[in-house]
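These are the residues of each chain, in order.
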Amino acid sequence: MKNLAIIKPAITLQLSNFHMKGECIIEQIRKIKDLAGVFFDNDAYGEMDNEQIIYSVQSWFPVEEGTEGGLFWGNTTIMPGKVGDEYFMTKGHFHSKRESAEIYFCIEGNGMLILMDQNRKCWGEEMYPGSLHYIPGNVAHRTANIGNSPLTFGACWPADAGHNYEEIQQEGFSARLFEKAGKPILIETKERRK
Ligand code: S6P
Ligand code: ZN
């Protein structure tokens, strides 16, 4: 940057929904067909439309992935719906650099942040517009939409955190969020394959 320069920001947020505009924004869409093995009820999953969008993610990487001390920013929108009795949710991950923490904040809709520590203790944190969430290091995280409208939340995480999806793919979370009698409830599942 030129000394004493005054510049326009490269990225802007629409304050109504926190969607980003600008160059270098990465957009990802996760459809039913991208989420094989994520949901509990395989029969219900098999009956769904492969092209149905479950969630979308916008990410801004202002520095190169892996930059020590750098930060990334993003937002995720999860559609309302269920596979069987299980709410639509993200794949979920630990960070590759396991001790990396992350901040989430809910923008619109109603959700549940599902967290699992290294000892596979699992708990949920309610998400609603304005809720702010600290995800400690060494804690796997995924998010479910428990409402009837899209759930949108923002996130900020270290640029060198990385994502470890394999462990969750192989071992799952120790509990899943189902709707029972109209309410979200975490139920322990014995899915660990190791
Ligand atoms: C990144 C952060 C979020 C998720 C996004 C989708 O560290 O936690 O941006 O990537 O919510 O979830 P997932 O588990 O498919 O990456
Ligand atoms: Zn994360």
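Please refer to the structure placed before this passage.
Fair warning: this is a prediction, and the values are worked out from it, not measured in the lab. (Residues numbered from 1 in each chain as written. Chains lettered and ligands numbered in written order. Predicted model: local features only at pLDDT ≥ 70, side-chain atom pairs only at ≥ 80, totals over all residues. Heavy atoms only, no water.)

A. Up close: the coordination of the zinc ion (ligand 2). Taken together, the protein ligands of the zinc ion (ligand 2) are H93 (NE2), H95 (NE2), E102 (OE) and H141 (NE2), with distances of 2.1 to 2.3 Å. Given six donor atoms and angles of 67 to 171° at the metal, the environment of the zinc ion (ligand 2) is assigned as octahedral. On the primary sequence, the residues serving as donors to the zinc ion (ligand 2) are separated as H-x1-H-x6-E-x38-H. On the criterion of sequence distance, the pair formed by H95 in the loop between β7 (86–87) and β8 (102–108) and H141 in strand β12 (residues 140–145) is long-range, its members being 46 residues apart. By relative accessible area, H95 is classed as buried at 3%. (Donors = N, O, S within 2.8 Å, 3.2 Å for Na, K, Ca; no water. Tetrahedral: all angles 85-135°; square planar, octahedral: opposite > 155°, others 65-115°. Helix = DSSP H or I, 4+ residues; strand = E, 2+ residues; numbered from the N terminus. Buried < 20%, exposed > 50% of the residue type's maximum accessible area, 1.4 Å probe, protein only.)

B. The arrangement of the packing of aromatic side chains in detail. Counted by the stated rule, this structure contains six aromatic pairs. Aromatic pair F61 and F72: ring centres 4.4 Å apart, planes at 50°, arrangement tilted. On the criterion of sequence distance, the pair formed by F61 in the loop between β4 (53–60) and β5 (71–78) and F72 in strand β5 is long-range, its members being 11 residues apart. Its relative accessible area of 33% is what places F61 among the partly exposed residues. Accessibility expressed as a relative area gives 2% for F72, which makes it buried. Relative to F153, the ring of Y104 lies with its centre 4.7 Å away and its plane at 35°, an arrangement referred to as tilted. Highlighted residues: Y104 in strand β8 and F153 in strand β13 (residues 151–158), separated in sequence by 49 residues. (Phe/Tyr/Trp six-rings, centres within 6.5 Å; stacked < 30°, edge-to-face > 60°.)

C. Summary view of the site of ligand 1. Neighbouring ligand 1 are 15 residues; Y55, T76, E102, Y104 and Y165 lie closest to it. A distance of 2.6 Å separates an oxygen atom of ligand 1 from a polar side-chain atom of Y55. At 2.8 Å from an oxygen atom of ligand 1 is found a side-chain nitrogen or oxygen belonging to H163. Within the complex, 96% of the 390 Å² of free accessible area of ligand 1 lies under protein. Put simply, the parts of the chain that give the shell around ligand 1 at least two residues each are β4, β8 and β13. Looking at the shell around ligand 1 residue by residue, the classes come out as six nonpolar, seven polar and two charged. (Near = heavy atom within 4 Å. Polar contact = N/O pair within 3.5 Å; in protein donor to acceptor, adjacent residues only side chain to side chain. Areas by Shrake-Rupley, 256 points an atom, 1.4 Å probe, with all protein chains shown as cover. Nonpolar A, V, L, I, M, F, W, Y, C, P; charged D, E, K, R; others polar.)

D. Molecular detail of the nonpolar core. Among the nonpolar cores identified, the biggest contains 40 residues, and F39, V83, Y104, I114, M116 and F173 are the most heavily contacted of them. If you tally residues by element for this core, the top one is strand β9 (residues 111–116), at five residues. Not counting chain neighbours up to four residues away, the residues in contact with I114 comprise C122, W123, A140, H141, R142, A144, F173, L177 and L186. (Core = buried A, V, L, I, M, F, W, Y, C linked by side-chain atoms within 4.5 Å. Contact = heavy atoms within 4.5 Å.)

E. The sheet that holds strand β10 (residues 122–127), seen in detail. A sheet is described by the order of its strands in space; here three strands give the open sequence β10-β9-β12, paired in antiparallel fashion. Either end of the sheet is taken by a strand with one partner, and the two such strands are β10 and β12. Each strand axis lies, on average, 25° off the axis of its neighbour in the sheet, ignoring direction. Of the strand pairs in this sheet, β9 and β12 are connected by six bridges, and their pairing is antiparallel. If you follow M116 over to β12, its bridge partner there is A140. (Pairing = 2+ DSSP bridges. Axes fitted to C-alpha atoms, helices over the stretch in contact; angles between N-to-C directions.)

F. Quick look at the pattern of salt bridges. Counted by the stated rule, this structure contains eight salt bridges. Of the charged contacts in the structure, one is a salt bridge between E51 and K31, with a shortest N-O distance of 2.8 Å. With a gap of 20 residues between them, E51 in the loop between α1 (42–46) and β4 and K31 in strand β3 (residues 25–31) connect regions that are remote in the sequence. Under the relative-accessibility criterion, E51 is labelled partly exposed at 39%. On the basis of relative accessible area, K31 is assigned to the partly exposed category, the value being 23%. Put simply, K180 and D85 hold a salt bridge, and the shortest N to O gap is 3.7 Å. With a gap of 95 residues between them, K180 in strand β14 (residues 175–180) and D85 in the loop between β6 (82–83) and β7 connect regions that are remote in the sequence. With a relative accessible area of 39%, K180 lands in the partly exposed category. Salt bridges sharing common partners tie together K31, K33 and E51. (Salt bridge = Lys/Arg side-chain N within 4 Å of Asp/Glu carboxyl O.)

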